[in-house]
Amino acid sequence: MIEETSLPGVMIVTPARHGDARGFFSESWNRQRMADAGLVYDFVQDNHSLSMRVGTLRGLHFQSPPHAQAKLVRCGRGRLFDVAVDIRKGSPTYGKWVGVELSFENGRQLLIPEGFLHGFVTLEPETEVVYKCTDYYAPDCDGAVLWDSCGIEWPLEGEPLLSDKDLRAVPLSDFDSPFDFKG
Ligand SMILES: Cc1cn([C@H]2C[C@H](O)[C@@H](COP(=O)(O)OP(=O)(O)O[C@H]3O[C@H](C)C(=O)[C@H](O)[C@H]3O)O2)c(=O)[nH]c1=O
């Protein structure tokens, strides 16, 4: 199943699960199935992160052109609140965000196009996030916007655990986006 969100282009993809007495089987990604829905993405790198503590917050990240990345994010274990923020200059939804709960249980995935920030906060201990990217890691193009500068209603109890890089990120109000809205 593929559903729209309040941000055009950001989609929720929920692959079918074929259950039997052993458990289930699911095609977690199928290029043709996505292309049949008009979602043509050629992923080149898979990422996998483990966050041990509830309230671990990674984000809000992007890679700038020429190594911008679209991502297809899913939860391999645990539960998280996954967020995308539109940072395309001139976009009618610039600065707007959408958040979706992804979990091993619900099997939902979030498709985030280029030109959007990505971040998440974990809702269970030992949460694993697995995601596909349309370009390779390019440290020189790696960027971050401050997690609490976009008006996101993070489901947090207390302070999040952040990396030093994320603690030092620029607020959205001071951010000069490298992305332009292309309609
Ligand atoms: C992103 C990345 C990182 N690394 C190395 C660099 C560091 O030595 C270590 C941790 O990197 P970082 O602290 O940037 O990891 P996260 O905070 O999880 O960053 C990611 O989290 C948000 C939610 C994202 O969407 C991005 O994919 C990415 O920015 O992994 C790599 O070797 N390859 C990579 O593609």
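Residues numbered from 1 in each chain as written. Predicted model: local features only at pLDDT ≥ 70, side-chain atom pairs only at ≥ 80, totals over all residues. Heavy atoms only, no water.

1. Points about the state of the cysteines
Then, in step 1: Applying the stated criterion to the full structure yields zero disulfides.
Then, in step 2: You can see Cys-133 has no disulfide; the closest cysteine sulfur is in Cys-141, sitting 14 Å from it. (Disulfide = S-S within 2.5 Å.)

2. Re the site of the ligand
Then, in step 1: Taken together, Gln-45, Asn-47, Arg-58, His-61, Lys-71, His-118, Phe-120, Tyr-131, Tyr-137 and Lys-165 make up all the residues around the ligand.
Then, in step 2: One of the side-chain nitrogen or oxygen atoms of Tyr-131 is found 2.7 Å away from an oxygen atom of the ligand.
Then, in step 3: Bound to the protein, the ligand loses 65% of the 650 Å² it would expose on its own.
Then, in step 4: Within the residue set of the shell around the ligand, elements represented by two or more residues are strand E5 (45-51), strand E6 (57-63) and strand E12 (116-122). (Near = heavy atom within 4 Å. Polar contact = N/O pair within 3.5 Å; in protein donor to acceptor, adjacent residues only side chain to side chain. Areas by Shrake-Rupley, 256 points an atom, 1.4 Å probe, with all protein chains shown as cover. Helix = DSSP H or I, 4+ residues; strand = E, 2+ residues; numbered from the N terminus.)

3. Section: the pattern of salt bridges
Then, in step 1: In this structure the tally under the stated criterion is 11 salt bridges.
Then, in step 2: In this structure, the salt-bridge partner of Asp-176 is Lys-89, at a minimum N-O distance of 3.3 Å. Placement of Asp-176 in the loop between helix H2 (164-167) and strand E15 (179-180) and of Lys-89 in strand E9 (residues 88-89) is noted, with a sequence separation of 87 residues between them.
Then, in step 3: The partly exposed category is assigned to Lys-89, whose relative accessible area is 36%.
Then, in step 4: When salt bridges that share partners are traced, they join Arg-77, Glu-126 and Glu-128 into one network. (Salt bridge = Lys/Arg side-chain N within 4 Å of Asp/Glu carboxyl O. Buried < 20%, exposed > 50% of the residue type's maximum accessible area, 1.4 Å probe, protein only.)

4. Focus: the packing of aromatic side chains
Then, in step 1: In total, this model carries six aromatic pairs according to the counting rule given.
Then, in step 2: Ring centres 6.0 Å apart and planes at 10° place the aromatic pair Tyr-41 and Phe-43 in the stacked group.
Then, in step 3: The exposure class assigned to Tyr-41 is buried, which follows from its relative accessible area of 17%.
Then, in step 4: A residue is classified by how much of its surface remains accessible, and Phe-43, at 14% relative accessible area, is buried. (Phe/Tyr/Trp six-rings, centres within 6.5 Å; stacked < 30°, edge-to-face > 60°.)

5. What about the sheet that holds strand E13 (residues 127-133)?
Then, in step 1: If you trace the six strands from one edge of the open sheet to the other, you get E1-E2-E11-E7-E13-E5, paired in antiparallel fashion. Looking at strand neighbours, the two that pair on one side only are strand E1 (2-4) and E5, the edges of this open sheet. Sheet twist, expressed as the average angle between the axes of neighbouring strands with direction ignored, equals 25°.
Then, in step 2: Note that strand E7 (residues 71-77) and E13 share six bridges and pair antiparallel. Following the sheet pairing, Cys-75 is matched in E13 by Val-129. (Pairing = 2+ DSSP bridges. Axes fitted to C-alpha atoms, helices over the stretch in contact; angles between N-to-C directions.)

6. A look at the side chain of Asp-166
Then, in step 1: When you line up the elements, Asp-166 lands in helix H2.
Then, in step 2: No salt bridge is formed by the buried Asp-166; its nearest oppositely charged neighbour, Lys-165, is found at 4.6 Å.
Then, in step 3: Setting aside chain neighbours within four positions, we find Asp-166 in contact with Leu-57, Arg-58, Gly-59, His-61, Ala-144 and Leu-146. (Lys, Arg positive; Asp, Glu negative; His and termini not counted. Contact = heavy atoms within 4.5 Å.)

7. Description of the nonpolar core
Then, in step 1: Among the nonpolar cores identified, the biggest contains 23 residues, and Leu-60, Leu-117, Cys-150, Ile-152 and Trp-154 are the most heavily contacted of them.
Then, in step 2: Within the residue set of this core, elements represented by two or more residues are E6, strand E8 (79-86) and E12.
Then, in step 3: Counting residues in hydrophobic clusters, the runner-up holds 17 residues, among them Leu-7, Val-10, Val-73 and Val-100. (Core = buried A, V, L, I, M, F, W, Y, C linked by side-chain atoms within 4.5 Å.)

8. So, the pairing of E7
Then, in step 1: For E7 and strand E11 (residues 109-112), the ladder comprises four bridges, and the chain directions are antiparallel. Bridge pairing in E11 links Val-73 to Leu-110.

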